[in-house]
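# Residue-level structure breakdown
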Amino acid sequence: MKEKVSLTSLFPGSVGTNFFVLIFGIVLAVCAFSAQISDTPASLLAGFGSSMFLAGFLGLINVKVLSEEVHKTTIQPIEDAKLLAEIHTAGITGVTRNRNIAKIKLISSINNENEEIVIVGSSLKGLIGVGQNPVGDNMQVRNALINALKRGTKVKILMTNPEVAHHRATQEGRNQGDIEEEILKNLISIIMLKNEIKSDKLEIQLYKGTPTIFMVCTSNFMMINPYPYYSTAFGSFSFMIRGNSVMHKGYYESHYQNAWGDTNLSQAIEDNIVKAKFQVTEFIDGTNQHGENIIPTDAKKNELRDLLTKI
């Protein structure tokens, strides 16, 4: 309502001016008929008063109509500008329909990072593929991470503990053990990579909770990808975040830093390769929170054990 009132003052002949003209016209017309003057001056006075009344009346209508029209055409752009300002302040620089579209910026950011890269997800299938034979964008991301490690950049990976991964299976329409198998295959692949390049910059932890958001973070860029119920993060909207923004700092602290430092829920994979392989073996042969086998079949267990022997 305040916008409409203020808009009326922008037009020639404000509400007050037009109202004054209208009243003054009435006064002149009344005086013309009541005053004791000759017919000719009275006619002139009445005509002048009527003209002023009509001008004031039309002026009020004009201001009202114009203010309404301008209000309609300007209020949406004003609200859009306000929304854009809020988005910019928060740190959002882009939105994509799925994670694949965001990978170009993500790879560029990884290639330019020399301090730290943080990855939070379940199996990382949508980021680096599964196992040793990724293709397409997944291979590009994997190669970018390898190059980052070789130049001394820290890479911190927080994956879902296989003991709790079954909580996402039903919603995503996955078979029992599928997500757990992907987690363990990529865990083996990452341990194998760590052993091959002899890097002490690569750290892995397993978190006892299914992630709510997939996240990759560098010092100047962050991609967050929410996990909707009954859908996958990979196929859902992704948001690009500017480094050192409010959102960048907030998600880095709450979604990575606090979870990484929680020794009750996070389990670190040992740097020692023998100990790391033993940890993976325990998961292969272990059970989840409901006492069910993490890997449901002997065939899949043997496949994972064979992969371990290649390290």
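Residues numbered from 1 in each chain as written. Predicted model: local features only at pLDDT ≥ 70, side-chain atom pairs only at ≥ 80, totals over all residues. Heavy atoms only, no water.

### Side note on unusual backbone geometry
Phi at K198 is positive, roughly 50 degrees, even though this residue is not glycine. Looking at the secondary structure, you find K198 in the loop between α7 (178–197) and β4 (202–207). Notably, N244 is not glycine yet its phi reads approximately 65 degrees, a positive angle. With respect to the secondary-structure elements, N244 resides in the loop between β7 (238–242) and α8 (246–260). A relative accessible area of 58% places N244 in the exposed class. (Helix = DSSP H or I, 4+ residues; strand = E, 2+ residues; numbered from the N terminus. Buried < 20%, exposed > 50% of the residue type's maximum accessible area, 1.4 Å probe, protein only.)

### Things to note about the packing of aromatic side chains
As enumerated under the stated definition, the model contains two aromatic pairs in all. Residues Y256 and W260 carry aromatic rings whose centres are separated by 5.6 Å and whose planes lie at 50 degrees to one another, so their mutual orientation is tilted. Of this pair, Y256 and W260 both sit in helix α8, four residues apart, which is roughly one turn of that helix. Pair check on accessibility: Y256 and W260 agree, each one buried. (Phe/Tyr/Trp six-rings, centres within 6.5 Å; stacked < 30°, edge-to-face > 60°.)

### Some thoughts on the pattern of salt bridges
Tallying each qualifying case throughout the model produces 10 salt bridges. Note that K300 is salt-bridged to D178, the shortest N-O span being 3.4 Å. Of the two residues, K300 is situated in helix α10 (residues 298–309) and D178 in helix α7; the sequence distance between them amounts to 122 residues. With relative accessibility at 23%, the residue K300 sits in the partly exposed group. When the shortest N-O distance is used, the salt bridge between K194 and D271 registers 3.4 Å. Note that K194 is positioned in helix α7 and D271 in the loop between β8 (266–268) and α9 (273–285), a separation of 77 residues in sequence. You can call K194 buried: its relative accessible area is 8%. Judged by relative accessible area, which is 55%, D271 ranks as exposed. (Salt bridge = Lys/Arg side-chain N within 4 Å of Asp/Glu carboxyl O.)

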